[in-house]
Amino acid sequence: EHFKQATGKLDVTNLRFTGSMNKPEQWQFSATSAIKDNYSDAMLIMDYEHEDLKLKFSGNLEHQTIDTLFGKQKFGKSRLEGDFSFKAPGTKKKGSALGQLKGQNVLLPLPSGDKVEIEQIMLIADGTEINTRLSSLSWKYFTWSPINATINFSQDNTRVRVAKAEICGIDSSGEVTKSGENYGLIFNVNGIDLDLAKSYTCLTKGKGKITGSLDISSNIRGQGIVDELVRKLEGPLELTFKNGIIEQEKIFARILKVLNLTEIVRGKLPELANGGFAYTSISMLGEFQNGKLIIKKFSMEGDSLDLIGDGEIDLEQETINVELLAAPLKTVDRVIKNIPMTNYLLAGNLINIPVSIKGKLDDPSVRVMSVSSVSKNLLKLGERTLKTPFKLIERLMPDGRKR
C-alpha cells in the first residue's frame with residue numbers, strides 16, 4: 001500500500017511460506033516480485049528451501065524506488081541493472097551464478113551497524129565463478145580502489161581471490177573465504193619507496209599531510225563472523241617513513257605544543273603551521289592482536305626532536321594509549337648552556353621528557369608524565385634504543401626550585 005501510494009506498481013505472486021519458526025533449516029519460502037514505477041522496471045525471484053537460496057534479478061532498480069519500497073532504510077543512491085541469477089547452497093554444496101550485473105553507489109548496511117560503500121561494481125558470471133571489478137570499496141576507515149577479484153563456488157566454501165586491490169596506492173592482495181557464518185581472510189600489504197604524501201593524505205582522509213617515502217610490510221590474517229573480524233585480526237606490521245616534512249598531523253602537533261610549554265624547551269621547537277617539521281626517519285614495528293594494534297617500538301629521528309615509545313591502538317574502540325620518550329637534543333644543547341648548574345646535573349646524559357598520548361584516536365589527550373609513572377617497558381626500550389645513559393625530566397627551572 002505504501003508503494004502504491006507513490007504511484008508505483010508492485011505485484012507479488014507465488015508467495016508461500018512453510019516451516020517451523022524456531023527451525024530455520026525447515027523453512028521454505030518463494031516469491032516473484034514485479035516492480036515498476038517512474039524510475040524502475042525490475043523482476044526479482046527468490047526461492048529459499050532447506051538453507052538453499054536462489055535469486056534472480058532482471059531489469060533496472062533505482063534508488064528512488066528502493067527508498068519508497070523500504071521506507072528510506074539508508075541504502076544510499078544505489079542503482080542496479082542487468083540480468084543475473086545466483087544460487088547460494090547450504091553447507092557443503094556448490095554454488096553457481098549466471099549473467100551480468102552492474103551497480104552504482106551501492107550501500108550495504110552490516111548487522112554491526114557499519115556499512116560497506118561501493119562506487120561502481122560489475123559482476124560477470126558463468127557457472128562456478130564470478131569475475132568482479134569494483135572502482136572502489138569503503139569500509140570503516142579503509143578505501144580500496146580499484147579491486148579485481150574472482151569469486152569461486154567450486155569448493156565446499158565460497159572463496160574470493162583478490163588479484164588486485166590498492167588502498168591509497170598500497171598493494172593489498174589476498175583471499176577471503178566463507179563457510180557458513182564464518183569468514184576467513186589473508187591479506188598481504190606491501191610497498192617500497194611509495195609516495196608518502198599521496199598515501200598518508202589518503203589514509204587519513206585529508207586530515208594528515210606528511211611528505212617523504214614510505215615502506216610498508218604486513219601479513220594480516222583473521223577468522224570469525226563478520227562482527228568479530230576486526231577483533232580476530234592478527235599479524236605483523238612494519239612502517240618506515242624517510243626524509244620528509246610533517247606538515248599536518250594532529251597528535252604530533254599536540255606533542256610539540258606540550259613540549260614547548262616545558263621550562264627546558266620553552267618554545268624552541270618548531271610549529272607545524274610555520275613550515276612543518278623535518279625528519280630523517282620514522283619507523284614503527286607492531287602486531288595486530290585481539291582487535292588492537294600493539295606498537296612494540298616507535299621511533300623518530302628529527303631535525304630538532306627524537307622520539308621513542310610503545311603502546312597500543314584499539315581498532316574497535318578507536319582509542320590510543322601510547323607513551324613516548326621525547327629527546328629535544330639539539331634544542332636542549334642550546335638551552336642548557338644558559339642554565340646554571342645544568343651541565344653538572346646532567347653530566348653528559350641525554351635528556352628525555354616522558355609524554356603520554358591517551359583517549360579517542362581522533363582527539364587524544366597529550367601531556368607530560370611524571371617520572372614515577374613511566375612504565376618499565378618504556379624504560380627498557382629507551383635503554384636498548386639509545387644505548388647511552390639518559391635522564392628523565394619533568395621540569396627544570398633556572399633557579400632550581402623544581403626538577
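Check the entry above for the structure.
Residues numbered from 1 in each chain as written. Predicted model: local features only at pLDDT ≥ 70, side-chain atom pairs only at ≥ 80, totals over all residues. Heavy atoms only, no water.

*Asks:* Go over the overall build of the protein, please, and point to the residues and values.
*Replies:* Looking only at helices and strands, the protein features eight helices and 25 strands. Residues classed as buried in the protein amount to 39% of the 403 residues present. At a minimum sequence separation of 6, the contacts of the protein that also span at least 24 residues come to 46%. Element-wise, carbon and sulfur atoms account for 52% of the exposed surface of the protein, whose accessible area totals about 22,400 Å². (Helix = DSSP H or I, 4+ residues; strand = E, 2+ residues; numbered from the N terminus. Buried < 20%, exposed > 50% of the residue type's maximum accessible area, 1.4 Å probe, protein only. Contact = heavy atoms within 4.5 Å. Areas by Shrake-Rupley, 256 points an atom, 1.4 Å probe, with all protein chains shown as cover.)

*Asks:* I'd like to hear about the pattern of salt bridges, residue by residue, with values.
*Replies:* Here the structure, examined in full by the defined rule, presents eleven salt bridges. The partner of glutamate 62 in a salt bridge is arginine 79, with the nearest N and O atoms 2.8 Å apart. One end of the pair, glutamate 62, is in the loop between β4 (52-61) and α2 (63-70); the other, arginine 79, is in strand β5 (residues 79-88), and 17 residues separate them in sequence. Of the residues examined, glutamate 62 reaches a relative accessible area of 13% and is grouped as buried. (Salt bridge = Lys/Arg side-chain N within 4 Å of Asp/Glu carboxyl O.)

*Asks:* How would you explain a positive patch on the surface if you had to name every residue and give the values?
*Replies:* On the surface, Lys297, Lys376, Lys380 and Arg384 cluster together into a positively charged patch. The element that contributes the greatest number of residues to the positive patch is helix α8 (residues 376-386), accounting for three residues. Position of lysine 380 among the secondary structure elements: in helix α8. (Patch = residues over 30% accessible without salt bridge, like charges linked within 9 Å, V, L, I, M, F, W, Y side chains within 5 Å. Lys, Arg positive; Asp, Glu negative; His and termini not counted. Charge placed at Lys NZ, Arg CZ, Asp CG, Glu CD.)

*Asks:* Go over the environment of tryptophan 27, please, and point to the residues and values.
*Replies:* Looking at where tryptophan 27 falls in the secondary structure, it is placed in the loop between β1 (9-18) and β2 (28-36). A relative accessible area of 25% places tryptophan 27 in the partly exposed class.

*Asks:* Residue-level account of the packing of aromatic side chains, with values.
*Replies:* Scanning all chains against the criterion turns up three aromatic pairs. With centroids separated by 6.1 Å and ring planes inclined at 80 degrees, the aromatic side chains of tyrosine 200 and phenylalanine 241 adopt a geometry described as edge-to-face. In this pair, tyrosine 200 is assigned in helix α3 (residues 196-203) and phenylalanine 241 in strand β18 (residues 235-248), connecting sequence segments 41 residues apart. Judged on exposure class, the residue tyrosine 200 and its partner phenylalanine 241 are both buried. When the centroid spacing of 5.0 Å and the interplanar angle of 65 degrees are considered together, the rings of phenylalanine 252 and phenylalanine 277 count as edge-to-face. (Phe/Tyr/Trp six-rings, centres within 6.5 Å; stacked < 30°, edge-to-face > 60°.)

*Asks:* Break down the side chain of serine 172 for me, citing the residues and quoting the values.
*Replies:* You can see serine 172 is positioned in the loop between β13 (170-171) and β14 (174-179). Among all residues touching serine 172, those that are not within four sequence positions of it are Trp144, Ala165, Glu166, Ile167, Phe187, Asn188 and Val189.

*Asks:* An account of the state of the cysteines is requested, with residue identities and associated values reported.
*Replies:* All chains considered together, the criterion is met by one disulfide. Paired through a disulfide, cysteine 168 and cysteine 202 show a sulfur-sulfur distance of 2.1 Å. A torsion of -70 degrees about the S-S bond marks the disulfide between cysteine 168 and cysteine 202 as left-handed. Taken as a pair, cysteine 168 in the loop between β12 (158-167) and β13 and cysteine 202 in helix α3 lie far apart in primary sequence, 34 residues in all. (Disulfide = S-S within 2.5 Å.)

*Asks:* I'd like to hear about the side chain of threonine 177, residue by residue, with values.
*Replies:* When you line up the elements, threonine 177 lands in strand β14. You can call threonine 177 buried: its relative accessible area is 19%. Contact partners of threonine 177, with chain neighbours within four places excluded, come to Asn157, Thr158, Arg159, Asn182, Tyr183 and Gly184.

*Asks:* Explain α3 to me, using residue names and the numbers behind them.
*Replies:* Residues Leu196, Ser199 and Tyr200 constitute the buried set of α3. Across the axial projection of α3, the buried residues extend over an arc of 90 degrees, all falling on one side. Summarising the contacts, the buried residues of α3 are in contact with β13, β15 (182-195), β16 (209-210), β17 (213-224), β18 and β19 (277-289). Where α3 begins, the side chain of aspartate 195 points an oxygen toward the backbone nitrogen of alanine 197, at a separation of 3.2 Å. Positive phi appears at lysine 205, one or two residues downstream of α3, with a value of about 55 degrees. (Arc of directions from axis to C-beta. Polar contact = N/O pair within 3.5 Å; in protein donor to acceptor, adjacent residues only side chain to side chain.)

*Asks:* Before we move on, can you summarise the pairing of strand β20 (residues 292-302) with the specific residues and values?
*Replies:* Regular strands show a simple pattern: their side chains alternate between the two faces of the sheet. Pairing of β19 with β20 involves ten bridges; the strand directions are antiparallel. Bridged to tyrosine 279 within β20 is glycine 302. Between β19 and β20, which pair antiparallel and follow one another directly, the connecting turn spans two residues, one of which, asparagine 290, has a positive phi of 50 degrees. Where β20 folds back on strand β21 (residues 306-314), the antiparallel hairpin that results is connected by three residues. (Pairing = 2+ DSSP bridges.)

*Asks:* Break down the nonpolar core for me, citing the residues and quoting the values.
*Replies:* The nonpolar side chains of a soluble globular protein tend to be buried, and buried together. Of all hydrophobic cores here, the largest spans 74 residues; its most connected members are Ile246, Phe252 and Leu305. Membership of the second largest hydrophobic core comes to six residues, among which are Ile308, Met369, Leu378 and Leu381. (Core = buried A, V, L, I, M, F, W, Y, C linked by side-chain atoms within 4.5 Å.)

*Asks:* Before we move on, could you go through the pairing of β15 and cite the residues and values that matter?
*Replies:* Summarising the sheet, β14 and β15 pair through six bridges and their orientation is antiparallel. Bridge pairing links glycine 174 to phenylalanine 187 in β15. A loop of two residues connects β14 with β15, the two strands running antiparallel in sequence, and glycine 180 in this loop sits at a positive phi of about 65 degrees. In the sheet, β15 pairs with β17 via eleven bridges, with the strands oriented antiparallel. Paired with asparagine 190 across the strands is serine 217, a residue of β17.

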